[in-house]
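Below, each chain spelled out in residue letters.
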Amino acid sequence: MNTVKIGIIGIGNMGSSHAIYLNNGEVDGAVLTAVCDQNPERLQWAKEALGEKIQTFDHPESFLQFADIDAVIIATPHYDHPPLAIKTLEKGLHVLVEKPVGVYTKNVRELNEVAKKSGKVFGIMFNQRTNPLYQKLRELVQGGELGEIKRTNWIITDWYRSQSYYDSGGWRATWAGEGGGVLLNQDPHQLDLWQWTSGLMPKRVRAFCGFGKFHDIEVEDDVTAYVEYENGATGVFVTSTGDAPGTNRYEISGDRGKLVVEDGNLTFWRLTQSERQFNKEYKGGFGEPECWKIDIPIKGSATQHKGITTNWVNAIRFGTELLGPGVEGIKGLEISNAMHLSAWMDDWVDLPINEDLFYSKLQERIKSSTFKKKNMTNRTLNVQGTH
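Worth saying up front: this structure is predicted, and the values here are computed from it rather than measured. (Residues numbered from 1 in each chain as written. Predicted model: local features only at pLDDT ≥ 70, side-chain atom pairs only at ≥ 80, totals over all residues. Heavy atoms only, no water.)

Engineer: Looking at this structure, I do not really get helix α6 (residues 132-142). What am I missing?
Structural biologist: One turn of the α-helix equals 3.6 residues, which is why residues spaced by three or four share an orientation. By the burial criterion, the buried members of α6 are Pro132, Leu133, Tyr134, Leu137, Leu140 and Val141. The N-cap residue of α6 is Asn131: its side-chain oxygen and the backbone nitrogen of Leu133 are 2.9 Å apart. Positive backbone phi, at 90°, marks Gly144, one or two positions downstream of α6. (Buried < 20%, exposed > 50% of the residue type's maximum accessible area, 1.4 Å probe, protein only. Helix = DSSP H or I, 4+ residues; strand = E, 2+ residues; numbered from the N terminus. Polar contact = N/O pair within 3.5 Å; in protein donor to acceptor, adjacent residues only side chain to side chain.)

Encoded structure:
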């Protein structure tokens with residue numbers, strides 16, 4: 001395929017951004033041909049900003065049936081991602097979905113099965129995977145530089161949001177509208193990077209969530225979670241939209257030292273010998289292994305959303321390996337689901353989670369939600385509930 005004709009469902013915040021760089025020809029081998037949105041104002045924007053050559057549709061059914069497209073970017077509210085992606089794949093079209101891949105793993109697992117059978121390229125907008133800092137971190141960890149991992153810690157509280165942010169849309173910070181709070185809106189990238197860089201998925205989770213702790217909302221705006229891994233390592237994940245100033249510090253400790261990501265830097269405190277070996281052989285009482293502080297050089301810069309789109313287009317054209325395979329979106333989501341379920345049940349949750357139990361508990365919260373059914377009309381395809 002020489003040129004990939006791309007359509008976008010949802011031209012709100014993120015969808016319009018994708019539309020602009022595609023329409024400007026900033027992705028080699030790709031051309032924007034169609035957009036879809038239920039909001040007439042967004043379609044009018046598309047005609048004025050993108051040009052009359054771009055096809056416009058007000059419903060995904062007509063879009064998928066009549067648009068001149070080979071591939072689709074889905075940039076709609078969270079709940080719409082799996083069903084729209086499934087319909088698109090079943091139409092024989094390639095798919096790139098915005099994060100998160102969905103709200104609950106039960107229907108994301110169905111999406112993954114459809115994707116595997118379709119033979120089409122299914123990607124997810126994990127743009128933080130393009131950051132050379134996290135790529136280098138992953139390379140060092142999975143290359144064995146740390147030895148066996150003992151502990152992971154991520155404090156990611158620089159997501160401060162005011163009440164006015166949550167008041168800006170009736171769907172925001174509701175179980176019915178977004179399906180969660182900081183874990184599902186702000187943190188999908190970090191939850192993905194947490195397992196992607198370490199190579200570890202938790203075996204069980206114990207989480208404590210503050211639902212509307214700092215804001216007048218019904219979903220979580222403060223989370224502290226403890227996880228255990230199969231190899232005996234432990235981890236802590238702390239996040240909030242109520243801290244000012246916030247912190248973003250990610251630390252992985254292992255048998256051969258620790259790696260820390262903070263303030264855009266990667267630092268390696270490298271032990272000259274294994275801590276376990278030192279512990280076994282040292283006879284001097286007080287003492288510890290010799291440690292070198294190394295500032296790891298980072299080459300290049302993150303290509304972000306455009307980089308993921310370019311990678312996806314190259315996968316369609318040339319079979320290039322995906323940096324963000326869509327089927328991997330379920331991993332971070334399962335951690336998020338486990339944290340929610342643990343807080344709701346006030347108990348440990350084992351992974352893989354009980355998907356039916358999570359779904360039923362989510363439905364209970366939707367039914368008791370303050371987000372009334374009359375407001376569901378606000379949850380149109382023009383709104384991308386990220387950041």
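Engineer: For this particular structure, what's the right way to read the sheet that holds strand β15 (residues 349-350)?
Structural biologist: What holds strands together in a sheet is hydrogen bonding between their backbones, with the strands either parallel or antiparallel. Judged by pairing direction, the sheet is mixed, and its nine strands sit side by side in the order β14-β13-β12-β11-β7-β10-β9-β8-β15 without closing on themselves. For this open sheet the edge positions go to β14 (291-295) and β15, each flanked by a neighbour on one side alone. Bridge analysis of strand β13 (residues 265-271) against β14 gives five bridges, and the strand direction is antiparallel. By the bridge assignment for β14, Phe268 is matched with Ile294. Where α6 meets the sheet, it contacts β7 (149-156), β11 (248-254), β12 (257-262) and β13, and its direction lies at approximately 170° from that of β12. (Pairing = 2+ DSSP bridges. Contact = heavy atoms within 4.5 Å. Axes fitted to C-alpha atoms, helices over the stretch in contact; angles between N-to-C directions.)

Engineer: Explain the pairing of β11 here, please?
Structural biologist: Both faces of the sheet carry side chains from a regular strand, because those side chains alternate between them. Of all seven residues in β11, five are buried, a share of seventy percent or more. Across seven bridges, β7 lies against β11 in antiparallel orientation. Paired with Thr152 across the two strands is Ile252, which belongs to β11. By the bridge criterion, six bridges tie β11 to β12 in an arrangement that is antiparallel. Across the sheet, the residue bridging to Arg249 is Glu262, located in β12. Between β11 and β12, which pair antiparallel in sequence order, lie two residues.

Engineer: Sorry, what's going on with the pattern of salt bridges here?
Structural biologist: Side chains that differ in sign of charge can pair as their charged atoms come close. Within the structure shown, the criterion is met by 16 salt bridges. For Asp356, the salt bridge goes to Lys106, with nearest N and O atoms at 2.7 Å. Highlighted residues: Asp356 in helix α13 (residues 355-367) and Lys106 in helix α5 (residues 105-118), separated in sequence by 250 residues. Note on Asp356: relative accessible area 48%, which makes it partly exposed. Overall, Lys106 belongs to the partly exposed group, its relative accessible area being 39%. With a shortest N-O distance of 2.7 Å, Arg249 and Glu262 are connected by a salt bridge. You can see Arg249 sitting in strand β11 and its partner Glu262 sitting in strand β12, a full 13 residues away along the chain. Classification of Arg249 as partly exposed rests on a relative accessible area of 26%. If you follow the salt bridges from partner to partner, you end up with Arg129, Asp192 and Glu328 in one network. (Salt bridge = Lys/Arg side-chain N within 4 Å of Asp/Glu carboxyl O.)

Engineer: In this structure, what is going on with empty space enclosed by the protein? I would like to understand it.
Structural biologist: Sizing a probe to match a water molecule and rolling it over the atoms shows the empty space that remains. Applying the stated criterion to the full structure yields one cavity of 30 Å³ or more. Together, 13 residues line the largest cavity, and Pro100, Pro188, Gly329, Gly332 and Leu333 are the ones closest to its centre. For the lining of the largest cavity, the secondary structure elements donating two or more residues are α8 (182-185), α9 (188-198) and α12 (329-345). Examining the composition of the lining of the largest cavity, we find that four residues originate from one element, α12, more than from any other. The class makeup of the residues in the lining of the largest cavity is nine nonpolar, three polar and one charged. (1 Å grid on protein atoms, 1.4 Å probe; cavity = no way out; pocket = protein on both sides within 12 Å on 5 of 7 lines; lining within 4 Å. Points joined across faces, edges and corners; volume = space filled by probe spheres on them. Nonpolar A, V, L, I, M, F, W, Y, C, P; charged D, E, K, R; others polar.)

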